[in-house]
Amino acid sequence: MEFIVFGLFACSLLLCVAFGQPILLALAFGYVLFFMYGLKKQYSVKQMLTFSWTGIRQIKGMLGIFFLIGMMTGLWRAGGTIPMIIDVSTGFLVPAIFIVVVFLLNCLVSVLTGTAFGTVATIGVICMTIGNVMGENPLFVAGAILSGIYFGDRCSPMSTSAMLVCELTHMKLLDHIRQMIKTAAVPFTLTVAIYVALGLIHTPEAAQTHVTDIFRESFVLNWYTLIPAVLIFVLLLCKLKIKQTMLASIIAGVIICFFVQRMSVMDIIATLWRGYVAPNEQLGAMLNGGGILSMVKVIAIVCLSSSYFGIFNGTNMLAQVQRSVELLASKTTNFFTGTIVAIVAVMISCNQTLAVMLTYQLNKDIYQNDQKTASMLADTAIVIPPLIPWSIACAVPLAAVDAPVTSILFACYLYLLPLAGIIRSFYRKRVETMTVGV
């Protein structure tokens, strides 16, 4: 019966993706399915609601942070913080090292903003536009963009994905980020080397871009417009809590919007609520977004996915699947098993948040270690969704830069992270086996 329920849920997700319908429709349908499954198993309505709330309660600490992120990213746009970052960055888009610089710039912006979609909508679109003008291979450029935007989605202090992993595994955010930097070192270095090689294979002509002119016509751009972004990293290094750090960045953003960009109080309040809305279509295509309203959909997705988590736990729905996972882990390695589970979870859910929760649910008893579980989730369930063509994490960024699906073949960083983890896990298992044998 469990497989029938999951099959129906998977079909609803695929139909929504195929026909361009909101993923929330499929998630709501999934909740009804899982709720009815619980009732069929003789659980009462009250028990099912309790299971749902138990799942949501586990991530309730994230919900306030989501609102802060929405306000902050809106102010970063309106205050000129993101335009200033892009203004400085585009100067490095030179032909000989174009691909690797595209990757590094998208890494930088994704770390600063913590959002893959926000990054691809700004610097990602700009890089793709310049690449098209230069005659660069669009597969190379889109692959580098896809790799870069999920670099920060995995380990940025602003990333909701990183926060979700920390909430599930009870890890402190800074400890988790330090761990992510260690496991990313080799894959990141190899990715840079590959993109340098791709750049040497095909060096396009130089191109001029008027993006910076558009920004300078609409904003006062100076070093102090970077203060809201700089505060995030300085205060986190000083070990201030994430909510206080975001509040400090928001206050700095409000001050810059008012005194530097000359926005009215009502305009600032509107930006906090609905995000930045540009005065013209050309600027809006690159910069519109942020605000509390932009996070409502994310909150709904996370809450629905979390309610599944509670239902799965309460009804023991995944028991049969979990036994198969434990058997696979005993024959291979924990990380290899986590990777396979993450791939299947993404293929079924088409959704990064639910994939993370399913992967955690099915692997937590195998690891029995929060730190190792968090590392596995970050190196599998966070970076694998953009490699599945029908996943939202893949479809949306590629649509934003108008790139073909085959671009995922060049999203090297996203392949190398789980691959490095698999190799590392088998090597460690071999060493442990040899040690025991001795």
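Residues numbered from 1 in each chain as written. Predicted model: local features only at pLDDT ≥ 70, side-chain atom pairs only at ≥ 80, totals over all residues. Heavy atoms only, no water.

Chemist: Residue-level account of a nonpolar patch on the surface, with values.
Modeler: On the surface, a cluster of nonpolar side chains totalling about 710 Å² of accessible area is made up of Ile251, Ile255, Phe258, Phe259, Val265, Met266 and Ile269. Of all elements in the fold, only helix 13 (242–259) and helix 14 (265–274) reach the threshold of two or more residues within the nonpolar patch. A per-element tally of the nonpolar patch places helix 13 first, with four residues. (Patch = residues over 30% accessible without salt bridge, like charges linked within 9 Å, V, L, I, M, F, W, Y side chains within 5 Å. Areas by Shrake-Rupley, 256 points an atom, 1.4 Å probe, with all protein chains shown as cover. Salt bridge = Lys/Arg side-chain N within 4 Å of Asp/Glu carboxyl O. Helix = DSSP H or I, 4+ residues; strand = E, 2+ residues; numbered from the N terminus.)

Chemist: Can you explain the side chain of Thr191? Please cite residues and give values.
Modeler: Relative to the helices and strands, Thr191 is located in helix 10 (residues 173–201). Taking the relative accessible area as the measure of exposure, Thr191 reaches 0% and is therefore buried. Those residues in contact with Thr191 that sit more than four places away from it in its chain are Phe103, Cys412, Tyr413 and Leu416. (Buried < 20%, exposed > 50% of the residue type's maximum accessible area, 1.4 Å probe, protein only. Contact = heavy atoms within 4.5 Å.)

Chemist: Which residues make up unusual backbone geometry, and what values do they have?
Modeler: In this structure, Gln42 takes a positive phi of about 75° despite not being glycine. You can call Gln42 exposed: its relative accessible area is 69%.

Chemist: Give me helix 3 (residues 45–57): which residues, what numbers.
Modeler: Between its terminal C-alpha atoms helix 3 stretches 18 Å, which fits the 18 Å expected from 13 residues at 1.5 Å a residue. Among the residues making up helix 3, those that are buried are Met48, Phe51, Ser52, Gly55 and Ile56. End-on view of helix 3: buried residues confined to an arc of 135°, all on one side of the axis. (Expected span 1.5 Å × (residues − 1). Arc of directions from axis to C-beta.)

Chemist: A description of the packing of helix 3 against helix 16 (residues 293–315) should follow, citing residues and the corresponding values.
Modeler: In the contact formed by helix 3 and helix 16, the axes pass within 6 Å of each other and the chain directions differ by 125°. When the axes of helix 3 and helix 16 are compared, the pair comes out oblique. At the point where helix 3 passes helix 16, the crossing takes the right-handed sense. Packed against helix 3, whose contacting residues are Met48, Phe51, Ser52, Gly55 and Ile56, the element helix 16 presents Cys303, Ser306, Ser307, Phe309, Gly310, Ile311, Gly314 and Thr315 at the interface. Partitioning the contact of helix 3 with helix 16 into residue classes produces six nonpolar, seven polar and no charged. (Axes fitted to C-alpha atoms, helices over the stretch in contact; angles between N-to-C directions. Parallel < 35°, antiparallel > 145°, perpendicular 65-115°, else oblique. Left-handed = near helix turned anticlockwise from the far one by under 90°. Nonpolar A, V, L, I, M, F, W, Y, C, P; charged D, E, K, R; others polar.)

Chemist: Break down the nonpolar core for me, with residues and values.
Modeler: Counting residues in each nonpolar core, the largest one holds 144 residues, and the members touching the most others are Phe34, Ile145, Phe215 and Met246. Here the element with the most residues in this core is helix 6 (residues 98–113); it accounts for eleven residues. If near-sequence neighbours (up to four positions away) are discounted, Phe34 is found in contact with Val5, Phe6, Phe9, Met48, Tyr308, Ile311, Phe312 and Met317. (Core = buried A, V, L, I, M, F, W, Y, C linked by side-chain atoms within 4.5 Å.)

Chemist: Let's hear about the packing of helix 10 against helix 20 (residues 370–379): which residues, and what values?
Modeler: Contact geometry of helix 10 with helix 20 gives a least axis separation of 10 Å together with a crossing angle of 60°. When the axis of helix 10 is compared with that of helix 20, the two are oblique. Along this stretch, helix 10 crosses helix 20, giving a crossing that reads as right-handed. Residues His176, Gln179, Met180 and Thr183 of helix 10 form the contact with helix 20, whose own contacting residues are Gln371, Ala374, Ser375, Ala378 and Asp379. Considered class by class, the residues forming the contact of helix 10 with helix 20 number three nonpolar, five polar and one charged.

The values reported here are purely geometric and, on their own, carry no functional implication.
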